[in-house]
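Architecture at a glance
The residues making up each chain are set out below.
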Amino acid sequence: MKKHILFLLLFILSACQNSDKAEVDQIVTEIKMEDLPIETVEINEETETVFNSSLHGVEPYRFKIRNNSLYVFLFSSKREREEGYREFLDIIANMNLVSYETFQQDGILLFLVFDKSKNEELIRKINSAIDRL
């Protein structure tokens, strides 16, 4: 009986991870359709920032677009995403951050952190990609 429960838990965990992977792949595909070069970046101690902190128990996926960082959080619902965003706002309340843009839709929360200054064309293209999800 214990083996069956363990198998079921592993199956559910695997299904959730596959679902997240599929959703991230869809986001990446939509961004590529905007002719934006996007590449996955591993998060490590050297690249750790407030943007890749766990929010409401969700770890981000990190990408690079034209020397700008994109952090993607996939929450199970819009409500969970809103709670994660509130947690982020609490964390940064007394910080002076670099320039960034926030994108939100359903259970998706993205932070685009600019290398130098805001790029309106990049913001427009990512908005367009997210709108197609």
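Residues numbered from 1 in each chain as written. Predicted model: local features only at pLDDT ≥ 70, side-chain atom pairs only at ≥ 80, totals over all residues. Heavy atoms only, no water.

So, the confidence of the model for the protein
Regions with low pLDDT carry predicted coordinates that are not meant to be interpreted in detail. For the record, the criterion: Per residue, pLDDT captures the predictor's confidence, and it can take any value from 0 to 100. Contact definition: two residues touch when any of their heavy atoms are within 4.5 Å.
For the protein, the average pLDDT comes to 83, and 82% of its residues sit at 70 or higher. Throughout residues 1-18 the model reports pLDDT below 50, and contacts reaching past four residues in sequence, or to other chains, amount to zero contacts.

Observations concerning the side chain of arginine 81
Defined as follows: Helix and strand definitions here come from DSSP, where helices need a minimum of 4 consecutive H or I residues and strands a minimum of 2 consecutive E residues; each element is numbered from the N-terminal end. Exposure classes here rest on a 1.4 Å probe applied to the protein chains alone. A residue is buried below 20% of its type maximum, exposed above 50%, and partly exposed in between. The charge count includes Lys and Arg as positive and Asp and Glu as negative, but it does not include His or the ends of the chains. For this analysis, a salt bridge means a side-chain nitrogen from Lys or Arg found within 4 Å of a carboxyl oxygen belonging to Asp or Glu. For this analysis, a polar contact is any N or O atom pair within 3.5 Å, provided that within protein one partner can donate a hydrogen and the other can accept it, and provided that sequence-adjacent residues contribute only side-chain to side-chain pairs.
Among the structural elements, arginine 81 can be located in helix α2 (residues 78-92). Of the side chains with opposite charge, glutamate 82 lies nearest to the buried arginine 81, which makes no salt bridge, at 4.5 Å. Only 2.9 Å separates the side chain of arginine 81 from the backbone oxygen of aspartate 106, close enough to count as a polar contact. Residues contacting arginine 81, with those up to four places away along its chain left out, are Phe75, Gln104, Gln105, Asp106, Gly107, Ile108 and Leu109.

Quick word on the pairing of strand β5 (residues 108-113)
This is how it is decided: For two strands to be treated as a pair, DSSP must find no fewer than two bridges joining them.
With respect to burial, β5 is a largely interior element, six of its six residues being buried. On β5, burial covers both faces: Ile108, Leu110 and Leu112 on one face and Leu109, Phe111 and Val113 on the other are all buried. Note: strand β3 (residues 68-74) against β5, six bridges, orientation antiparallel. Its bridge partner being in β5, leucine 70 is matched across the sheet by leucine 112. Relative to β5, strand β4 (residues 100-105) runs antiparallel, the two sharing six bridges. Bridge pairing in β5 places glutamine 104 opposite leucine 109. Linkage of β4 to β5, two consecutive antiparallel strands, is achieved through a turn of two residues, within which aspartate 106 is found at a positive phi near 50°.

Some remarks on the packing of aromatic side chains
Using the following cut-off: Here is the rule: rings of Phe, Tyr and Trp (six-membered ring for Trp) pair when centre to centre is within 6.5 Å. Planes less than 30 degrees apart are stacked, more than 60 are edge-to-face, and the remainder are tilted.
Counting across every chain of the model gives eleven aromatic pairs. Taking the centre distance of 5.5 Å and the plane angle of 35° together, the rings of phenylalanine 51 and phenylalanine 88 count as tilted. Of the two residues, phenylalanine 51 is situated in the loop between β1 (38-40) and β2 (61-65) and phenylalanine 88 in helix α2; the sequence distance between them amounts to 37 residues. For the residue pair phenylalanine 51 and phenylalanine 88, the accessibility class agrees, reading buried in each case. Aromatic side chains phenylalanine 51 and tyrosine 100 sit 5.1 Å apart centroid to centroid with 65° between the ring planes, which places their arrangement in the edge-to-face category. In this pair, phenylalanine 51 sits in the loop between β1 and β2 while tyrosine 100 sits in strand β4, placing the two residues 49 residues apart along the sequence.

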